[in-house]
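Examination of the molecular architecture
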2 protein chains.
Amino acid sequence: MPFFRNGLRRSVGACSSAWTSPSPIPASLKWTRRCIHFDGRNRLSNFWSPTQRKPKGDRSHQNGEIDGHELLLRAGFLRQSASGIFHLLPLGLRVQDKIEKLIDKHMTRLGASKTSLSSLSSEDLWRQSGRLDGRDSEFFRLQDRKEARFLLSPTHEEEITKIVADAVHSYKDLPLRLYQITRKYRDEARPRQGLLRGREFVMKDLYTFDTTESQARETYEAVRQAYVAFLTDLRLPYLVANADSGNMGGKLSHEYHFASDRGEDIIIGCDTCDYSVNEELFIAPLDKAPAPPGKLRLQQATEIGHTFHLGTRYSHPMQLQVLDANNKQVSVSMGCHGIGVSRLIGAIATLLADEEGLGWPMAIAPFEAVLISTPSVDKADVESLYDQVHNAAIDMTIDDRDRAIGWKLNDADLVGYPFVVVIGRAWADKQALELQCRRIGIKEEVRAADVVSRIAELSQKL
Amino acid sequence: MPFFRNGLRRSVGACSSAWTSPSPIPASLKWTRRCIHFDGRNRLSNFWSPTQRKPKGDRSHQNGEIDGHELLLRAGFLRQSASGIFHLLPLGLRVQDKIEKLIDKHMTRLGASKTSLSSLSSEDLWRQSGRLDGRDSEFFRLQDRKEARFLLSPTHEEEITKIVADAVHSYKDLPLRLYQITRKYRDEARPRQGLLRGREFVMKDLYTFDTTESQARETYEAVRQAYVAFLTDLRLPYLVANADSGNMGGKLSHEYHFASDRGEDIIIGCDTCDYSVNEELFIAPLDKAPAPPGKLRLQQATEIGHTFHLGTRYSHPMQLQVLDANNKQVSVSMGCHGIGVSRLIGAIATLLADEEGLGWPMAIAPFEAVLISTPSVDKADVESLYDQVHNAAIDMTIDDRDRAIGWKLNDADLVGYPFVVVIGRAWADKQALELQCRRIGIKEEVRAADVVSRIAELSQKL
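These numbers were taken from a predicted model, which means no experiment stands behind them.

Cut-offs applied
- Residues numbered from 1 in each chain as written.
- Chains lettered and ligands numbered in written order.
- Predicted model: local features only at pLDDT ≥ 70, side-chain atom pairs only at ≥ 80, totals over all residues.
- Heavy atoms only, no water.
- Phe/Tyr/Trp six-rings, centres within 6.5 Å; stacked < 30°, edge-to-face > 60°.
- Lys NZ or Arg CZ within 6 Å of the ring centre and 35° of its normal.
- Pairing = 2+ DSSP bridges.
- Helix = DSSP H or I, 4+ residues; strand = E, 2+ residues; numbered from the N terminus.
- Axes fitted to C-alpha atoms, helices over the stretch in contact; angles between N-to-C directions.
- Contact = heavy atoms within 4.5 Å.
- Least-squares fit on C-alpha atoms with pLDDT ≥ 70 in both.
- Left-handed = near helix turned anticlockwise from the far one by under 90°.
- Nonpolar A, V, L, I, M, F, W, Y, C, P; charged D, E, K, R; others polar.
- Buried < 20%, exposed > 50% of the residue type's maximum accessible area, 1.4 Å probe, protein only.
- Domains from an automatic or database assignment.
- Buried area = accessible area lost by both parts, 1.4 Å probe.
- Salt bridge = Lys/Arg side-chain N within 4 Å of Asp/Glu carboxyl O.
- Polar contact = N/O pair within 3.5 Å; in protein donor to acceptor, adjacent residues only side chain to side chain.
- Arc of directions from axis to C-beta.

1. Remarks on the packing of aromatic side chains
- Throughout the structure, instances matching the rule amount to eight aromatic pairs over all chains.
- One residue, Arg313(A), lies across the ring of Tyr314(A), its end atom 4.5 Å from the ring centre.

Dropping the structure here:
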């Protein structure tokens, strides 16, 4: 959908607010240094988001392909430290924090408690579970000054099973649901696509503990529903695919994908039933299971989560047992359930990017709206408008940087705020603003009194 | 101060709320499994805080010494994974999250932007800064599958200097203040006292960037004031000590300590001036500087933060330069400023522990209050009281676990909630509660209508 700017390109005035420092700043400096404001309002002048110029020979739009990772770098969300290893800059960290809060909401509803386990895991534990592979594994390994051997945890089944085994001894202590959102490590041979396949990444991992297999399967179903609720909050098209290779008696596991023509997986689905499976696991003609009734269709997709019923895979070797209601010692039935948090950032960057820049669902946008003003508008009016929107719990920021209006509009497009509010030409005459929403394709005049309700209304689609 | 319980020891009834799972639970199980509630209220039934029994030959109270770390383990705040390496359980993570929010508040007031840098740092960068020591260093080192060499970052001066050097080229981009709260690593020869000296730990590190030395010193002063404001919010006795060895022309640096008879540092202060210095740095008789006018006194203390003016120590070797107002290329003047977040948890645990258990300042308590009821009180009354307190923005939790009242009161003391609210004997007659605050030594009857204002009033001292 074509989307045009209103052509305002007058430069805003240089920052004139006082620089509050212990000693007065000479007038010659006051007008030239970067401004920091201390009034508590979100302001881009206080917020470091270094934009990179479009590189010569830019490949982010080559052949109609838009590279979300390239845009994350250019818009100042992150920086590469080494192959597959990234630093989050302020914009990127805000997105990650919002994803974390959204996950917290759904994990709390499951009755799950949040923990934070160490990133260093003793090799001994991994030997006990039987997962300590040979030298060709993807573990980052290290040893301390006493030559004790550790690995940087790629996941935490071993550690959590040990913690729970030390504390839980009766079926009365179960069910138990523990999760964390922490950095994980995997020494990928070929890291690629930025956050989509990194060597250091942030994951949510939930571990569930039940006394019996059937209770564990009930827990599994509750988690699956929580994942669907989480994905629904993002308001993006998703797929849930069976991830076990057989229909009957197999392991219980699902993969959660964004449907995306830019995804690296291919999901095979039936057009009349809910059969859906990753191409890698599809065996045709189906061996024992009945064939799905409808036509099969293919959909490219990006995996962002999985749920997995583990049974006693870890509780048995690691001796996590409880006395059940019949006073019998049983191995606890477990599940593990991941969401790739940094992967989600990379996947959404790619999914919603267009010619202008990035795009974000309301639920995880770094800011939900940006307020841009022309020089003709009184600063007090801008701040009063900000306060009105902010008090309505809309997470807005003011772009008060010493830049031209056109630059700011382009920058807002690059960052991908769900809403851009321009306070300018129509302000003096009729107290009207321009409300822009690129994802919906809206650019309209709104009265100041109506801007909150209009944003609330439109955000139902974002 | 002696503090007595009112002797209520009747057991509360077993949990009777429905277990909401996809299929109905047989009645025989409904009464025996651990309960999870889904009504959105904070409830300890949903919250995993495994208490450890007091070990035989318990040493936490030996010779009148109370071991805060031992209490953190027993009360279910954390678990040890390896020497100097700890997992945070839900109570510990809540304290850490609250410290992080409090730090965020003061960093935002400084105009600092929050980032999150990788934990893996390339050795090349550390070679460039000249900090890559020999084999006897405290670095955790590792290499990837391609034999590229990394270390687990103990701090991030090198990485942040590189990031800023790539993005900042003019004095107009400065001042700049960037911080993060992340895990750091140091392979201590002798980790000790739990979180006080760990090998994996959480720190806040703020890096500041200014064009000139004098601007950097103004920034330094602003940061020092922010540290004092942060410590003031904790309402605990603190010391600020000079950490440079000479008075004149030396490096500018301060250490921030809790005054504590259980601390490992000794601070030397003058009783009539503001001279204050770590014993390690005290050189007597003072060489060139004038002697402080008053008597010197000694105070044991625990360091929890430092501020440090770096000048061009990193910007020069790592080529972080900007054009100044006179169009001259200058090396940026930097500062680095740390707060030991996990260290703070360990230090406060030790500082406020008494015979009954831990204690927490309101600002960082895992919950600000716990609500305990006797079996005679209607569940609806308990929930209505919780809602009243919760709506007043007091972070309360209900102890609805299937345990006796006496056990819950002891557990509340062990955890160290600032306030314990008991809804029991005086409820039916006169809608009165018992409000307990061990740190102030208060146990009083309060009318339900007054509980919020009374907590607000008392919390000024916590």
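2. Quick notes on the sheet that holds strand S17 (residues 369–373) of chain B
Residues and elements named next belong to chain B.
- Strand order in the open sheet made by the five strands is S18-S17-S19-S20-S21, with mixed pairing throughout. Looking at strand neighbours, the two that pair on one side only are strand S18 (396–398) and strand S21 (442–447), the edges of this open sheet. Between one strand axis and the next, the sheet turns by 25° as a mean value, whatever way the strands run.
- The strands touched by helix H9 (residues 405–415) are S17, strand S19 (419–423) and strand S20 (432–437); relative to S17, the strand with the most contacts, the crossing angle is about 170°.
- Against the sheet, helix H11 (residues 451–458) touches S19, S20 and S21, its axis set at about 150° to S21.

3. What about the relation of the copies chain B and chain A?
- The transformation that overlays chain B on chain A combines an axial shift of 0.0 Å with a rotation of 180°, and the residual RMSD is 0.0 Å. What the superposition gives is, in effect, a two-fold axis relating one chain to the other. When each C-alpha of chain B is compared by its distance to the rotation axis, Leu142(B) comes out closest, at 2.7 Å.
- A shared binding surface is used by both copies, with 100% of the interface residues of chain B retained as interface residues in chain A.

4. A few points about the packing of helix H3 (residues 90–109) of chain B against helix H6 (residues 213–234) of chain B
Residues and elements named next belong to chain B.
- Relative to each other, H3 and H6 sit at 140°, their axes nearing to 10 Å. Regarding H3 and H6, the two cross each other, and that crossing is right-handed. Judged by residue contacts, Ile99, Leu102, Ile103, Lys105, His106 and Met107 of H3 engage Ala226, Tyr227, Ala229, Phe230, Asp233 and Leu234 from H6.
- Each residue belonging to the contact of H3 with H6 can be placed in one class, and the counts come to nine nonpolar, one polar and two charged.

5. A look at unusual backbone geometry
All names here are of chain A.
- Following Leu174, the chain continues to Pro175 via a peptide bond in cis, the omega torsion being 5°.
- You can see Pro175 is positioned in the loop between helix H5 (157–167) and strand S7 (176–185).
- A positive phi angle is found at Gln193, which is not glycine, with a value near 55°.
- Structurally, the position occupied by Gln193 is in the loop between S7 and strand S8 (200–210).

6. Here we look at the pairing of strand S2 (residues 85–88) of chain B
Residue and element names in this part refer to chain B.
- Burial along S2 is two-sided: Ile85 and His87 and Phe86 and Leu88, pointing in opposite directions, are all buried.
- The sheet contact formed by strand S1 (residues 78–82) and S2 spans four bridges and is antiparallel. Looking across to S2, one finds that Gln80 is bridged to Phe86.
- Hairpin connection, S1 to S2: the antiparallel pair is bridged by two residues, and Gly84 has positive phi, about 75°.

7. Side note on the domain arrangement of chain A
All names here are of chain A.
- For chain A, the assigned domains are domain 1 (68–352) and domain 2 (367–460).
- Taking only C-alpha atoms, the centre of domain 1 and the centre of domain 2 are 38 Å apart.
- Listed per partner, the contact involves ten residues of domain 1 and eight residues of domain 2.
- Surface buried jointly by domain 1 and domain 2 totals about 800 Å² across both partners, of which 53% is contributed by carbon and sulfur atoms.
- One can count two salt bridges joining domain 1 with domain 2.
- The partner of Asp395 in a salt bridge is Lys98, with the nearest N and O atoms 2.5 Å apart.
- Applying the counting criterion to the domain 1 and domain 2 interface returns four residue pairs in polar contact (both at pLDDT 80 or more).
- Of all elements in the fold, only helix H2 (68–74) and helix H3 (90–109) reach the threshold of two or more residues within the side of domain 1 that touches domain 2.
- Broken down by element, the side of domain 1 that touches domain 2 gets its largest block of residues, three residues, from H3.
- Split into classes, the residues belonging to the side of domain 1 that touches domain 2 amount to six nonpolar, no polar and four charged.

8. Examining the sheet that holds strand S5 (residues 140–143) of chain A
All names here are of chain A.
- The three strands are arranged S4-S6-S5 in an open sheet whose pairing can be described as antiparallel. Of all strands in the sheet, those with a lone pairing partner are strand S4 (120–122) and S5, marking the two edges. Along the sheet, successive strands turn relative to each other by an average axial angle of 40°, direction set aside.
- Sheet topology note: the S4/strand S6 (residues 149–152) ladder contains three bridges and is antiparallel. Paired with Ser121 across the strands is Leu151, a residue of S6.

9. Side note on the interface of chain B and chain A
- Across the boundary between the two partners, chain B contributes 72 residues, which contact 72 residues of chain A.
- Around 6,200 Å² of area is buried between chain B and chain A when both sides are counted, 57% of it from carbon and sulfur atoms.
- Of all residues in chain B, Trp48(B), His87(B) and Arg145(B) bury the most surface against chain A, accounting for 11% of the area lost on that side.
- Connecting chain B to chain A are two salt bridges.
- With its nearest N and O atoms 2.9 Å apart, the salt bridge here joins Asp144(B) to Arg199(A).
- Applying the counting rule to chain B against chain A returns 26 residue pairs in polar contact (both at pLDDT 80 or more).
- If you tally residues by element for the side of chain B that touches chain A, the top one is strand S7 (residues 176–185) of chain B, at six residues.

10. Describing H11(B)
- Within the span of H11(B), buried status applies to Val451(B), Val452(B), Ile455(B) and Leu458(B). Looking down the long axis of H11(B), one finds its buried residues gathered within 135° of arc, a one-sided arrangement.

11. A few points about the environment of Arg224(A)
Residues and elements named next belong to chain A.
- Following the sequence through the fold, Arg224 ends up in helix H6 (residues 213–234).
- Remark: the alpha-carbon pair of Arg224 and Thr307, spanning 83 residues in sequence, is separated by 7.0 Å.
- Non-local contacts of Arg224, meaning those with residues more than four positions away in its chain, are made with His254 and Tyr256.
- At a separation of 3.0 Å, a polar atom in the side chain of Arg224 contacts the side chain of Glu221.

12. Section: the side chain of Ser118(A)
- Inspection of the secondary structure assignment puts Ser118(A) in the loop between strand S3 (113–114) and S4.
- Residues in contact with Ser118(A), not counting those within four places in the same chain, are Ser153(A), His156(A), Ile85(B), Phe86(B), His87(B), Arg183(B) and Glu200(B).

13. Thoughts on the pattern of salt bridges
Residue and element names in this part refer to chain A.
- Enumeration according to the criterion identifies 77 salt bridges over all chains in this entry.
- Residues Glu445 and Lys430 are paired through a salt bridge, measuring 2.8 Å at the closest nitrogen-oxygen approach. A residue pair is termed long-range when its members are at least 10 positions apart, and Glu445 in strand S21 (residues 442–447) and Lys430 in helix H10 (residues 425–430) qualify at 15 residues.
- Lys430 sits in the partly exposed class, given a relative accessible area of 47%.

14. What to know about the pairing of strand S5 (residues 140–143) of chain B
All names here are of chain B.
- Residues Phe140 and Leu142 line the buried face of S5, whereas the alternating positions Arg141 and Gln143 sit on a face that is not buried.
- The pairing of S5 with strand S6 (residues 149–152) spans four bridges and is classified as antiparallel. Across the sheet, Phe140 pairs through a bridge with Leu152, a residue of S6.
- Between S5 and S6, which pair antiparallel in sequence order, lie five residues; one of them, Glu147, sits at a positive phi of approximately 65°.

15. A look at the environment of Lys430(A)
- Along the primary structure Lys430(A) and Arg447(A) are separated by 17 residues, whereas in three dimensions their C-alpha atoms are 7.7 Å apart.
- Engagement of the side chain of Lys430(A) in a polar contact is seen with the side chain of Glu445(A), the distance being 2.8 Å.

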